[in-house]
Amino acid sequence: MERGFYHEIKQNTLEPEVRAQVKTLVDRASNATKLDEHGNWDFGFTSLNRKGTRWSALNWDLYGFGYDIHTQQFLIVIQVREADGSRKWLRVRKNYFLIGENEDGTVFAHAVESRVVHNAVKKCLDVVRAVQNWIFGGEYDAMFRQGDVALLKMWETPRAQRISGVERIVLNSHQLVGSQMRENGNLYVKDPVMVHIPGTHPPVGGRGWYRVVIGQRADFWKFAAPTKD
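Now for a description of the structure that goes with this document. Being a predicted model, the structure only gives us computed values, none of them experimental.

**Quick look at the sheet that holds strand E11 (residues 180-183)**
(1) Moving on: In spatial order, the strands read E6-E7-E15-E12-E11-E8; together these six strands make up an open sheet with antiparallel pairing. Two strands close off the open sheet at either side, each with one partner strand: strand E6 (143-146) and strand E8 (161-163). The sheet shows a mean angle of 30° between the axes of neighbouring strands, taken without regard to direction.

Okay, structure coming up:
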């Protein structure tokens, strides 16, 4: 594997099987039915007038690939780049996404920060793992993930106020039940079981205390929208 001037992975240096997996994921994400109101990713060059003096182009480059430590799903990190030649000056805007397949077979595209991607490349770190750590604000390896929500194991009882009730709906889509809950700005649950109400992800849970972690998303330009989980 080799990288180019802008840290992008030169895809012709990848094994054919990996290159095919990458292309398949990008194709599926670009045509995902769960994209938000900004529409699909229409890659390529578009002339905006007959002379071709006004144009726009949407392209992508690969920045990382690997396998989820928990699910072994194949994941990639890409840059989606828009060049707008319809102005007096060339405008280039970039988004970065972690792309993979959900447990129900649908594809997700999760917006991540460019600095996380490029810092990982410069430090020769695993780019996929670096953006997962950023999304969940800690060591992803130590967490149980269910879509955009994760459970982080606590090795002692949290110093937080006990709250009434042992059930909580998180992000309007994750039903969390435990034997006890505590809160201090963060939510903690003992002996949790978390069920994804839409059924996209399988239940997760554990014994002992866990902190509930909500995955963060980067801001993104509207020309290339993330998918909905």
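**A closer look at the packing of aromatic side chains**
To describe a pair of aromatic rings, one takes the distance between the centres and the angle between the planes.
(1) Moving on: All told, the structure shown has six aromatic pairs when counted by the stated rule.
(2) Moving on: Considering the side-chain rings of Phe136 and Tyr140, the 5.8 Å spacing of their centres and the 25° angle between planes classify their relative orientation as stacked. Residues Phe136 and Tyr140 agree in their burial class; the two are buried.
(3) Moving on: Through successive ring pairs, a cluster of aromatic residues spans Phe65, Tyr67 and Phe74.
(4) Moving on: The ring of Trp155 is capped by Lys153, whose NZ or CZ atom sits 5.4 Å from the centre of that ring.

**Here we look at unusual backbone geometry**
(1) Moving on: The backbone of Gln72 sits at a positive phi, close to 65°, despite the residue not being glycine.
(2) Moving on: Although it is not a glycine, Asn172 sits at a positive phi angle of roughly 60°.
(3) Moving on: By the secondary structure assignment, Asn172 is in the loop between strand E9 (167-170) and strand E10 (174-177).
(4) Moving on: Look at Asn172 and you get exposed, because its relative accessible area is 75%.

**Notes on the pattern of salt bridges**
(1) Moving on: Inspection of the entire model under this criterion finds 10 salt bridges.
(2) Moving on: A salt bridge links Arg91 to Glu82, with the shortest nitrogen-to-oxygen separation between them at 3.7 Å.
(3) Moving on: With a closest N to O distance of 3.3 Å, Asp148 and Arg217 form a salt bridge. Linking Asp148 in the loop between E6 and strand E7 (149-153) with Arg217 in the segment after strand E15 (209-214), this pair joins segments that are 69 residues apart in sequence.
(4) Moving on: Note on Arg217: relative accessible area 30%, which makes it partly exposed.

**Let's talk about the nonpolar core**
(1) Moving on: With 43 residues, the main nonpolar core has Trp41, Ile76, Ile78, Leu98 and Ile99 as its most contacted residues.
(2) Moving on: For this core, the elements supplying multiple residues, two or more each, are helix H1 (16-30), strand E2 (55-67), strand E3 (74-84), strand E4 (91-101), strand E5 (107-112), helix H2 (114-122), helix H3 (127-136) and E7.
(3) Moving on: Ignoring sequence-local partners within four residues, the contact set of Ile78 consists of Val26, Trp41, Trp60, Asp61, Leu62, Tyr63, Asn95, Tyr96, Phe97 and Ile99.
(4) Moving on: In terms of nonpolar packing, the next biggest core, distinct from the first, is built from 11 residues, Val149, Met181, Leu187 and Met194 among them.

**Some words on the side chain of Gln132**
(1) Moving on: Looking at where Gln132 falls in the secondary structure, it is placed in helix H3.
(2) Moving on: Apart from the residues lying within four places of it in its own chain, the contact partners of Gln132 are Asp68, Leu75, Leu98 and Tyr140.

**Overview of the side chain of Gln146**
(1) Moving on: Counting through the fold element by element, Gln146 comes out in strand E6.
(2) Moving on: In terms of polar contacts, Gln146 uses its side chain to reach the side chain of His174, at 2.8 Å.
(3) Moving on: A polar side-chain atom of Gln146 sits 2.9 Å from the main-chain carbonyl oxygen of Met194.

**As for the sheet that holds E9**
(1) Moving on: Strand order in the open sheet formed by four strands is E9-E10-E13-E14, and the pairing between neighbours is antiparallel. Two strands bound the open sheet, and with one partner strand each, they are E9 and strand E14 (204-205).
(2) Moving on: Pairing analysis gives two bridges linking strand E13 (residues 193-196) to E14, with the strands arranged antiparallel. Pairing of Met194 across the sheet is with Val204, part of E14.

**Here we look at the environment of Arg129**
(1) Moving on: By secondary structure assignment, the location of Arg129 is in helix H3.
(2) Moving on: Each C-alpha atom of the pair Arg129 and Asp68 lies 8.1 Å from the other, and the pair is 61 residues apart in sequence.
(3) Moving on: If sequence neighbours within four positions are ignored, Arg129 has contacts with Tyr67, Ile69 and Asp141.

**Notes on the environment of Ile163**
(1) Moving on: Along the polypeptide, Ile163 turns up in strand E8.
(2) Moving on: With relative accessibility at 21%, the residue Ile163 sits in the partly exposed group.
(3) Moving on: When the C-alpha atoms of Ile163 and Tyr188 are compared, they prove to be 9.9 Å apart, with 25 residues separating the residues in sequence.
(4) Moving on: Residues contacting Ile163, with those up to four places away along its chain left out, are Arg168, Met181, Arg182, Glu183 and Leu187.

The rules behind the values
- Residues numbered from 1 in each chain as written.
- Predicted model: local features only at pLDDT ≥ 70, side-chain atom pairs only at ≥ 80, totals over all residues.
- Heavy atoms only, no water.
- Pairing = 2+ DSSP bridges.
- Helix = DSSP H or I, 4+ residues; strand = E, 2+ residues; numbered from the N terminus.
- Axes fitted to C-alpha atoms, helices over the stretch in contact; angles between N-to-C directions.
- Phe/Tyr/Trp six-rings, centres within 6.5 Å; stacked < 30°, edge-to-face > 60°.
- Buried < 20%, exposed > 50% of the residue type's maximum accessible area, 1.4 Å probe, protein only.
- Lys NZ or Arg CZ within 6 Å of the ring centre and 35° of its normal.
- Salt bridge = Lys/Arg side-chain N within 4 Å of Asp/Glu carboxyl O.
- Core = buried A, V, L, I, M, F, W, Y, C linked by side-chain atoms within 4.5 Å.
- Contact = heavy atoms within 4.5 Å.
- Polar contact = N/O pair within 3.5 Å; in protein donor to acceptor, adjacent residues only side chain to side chain.

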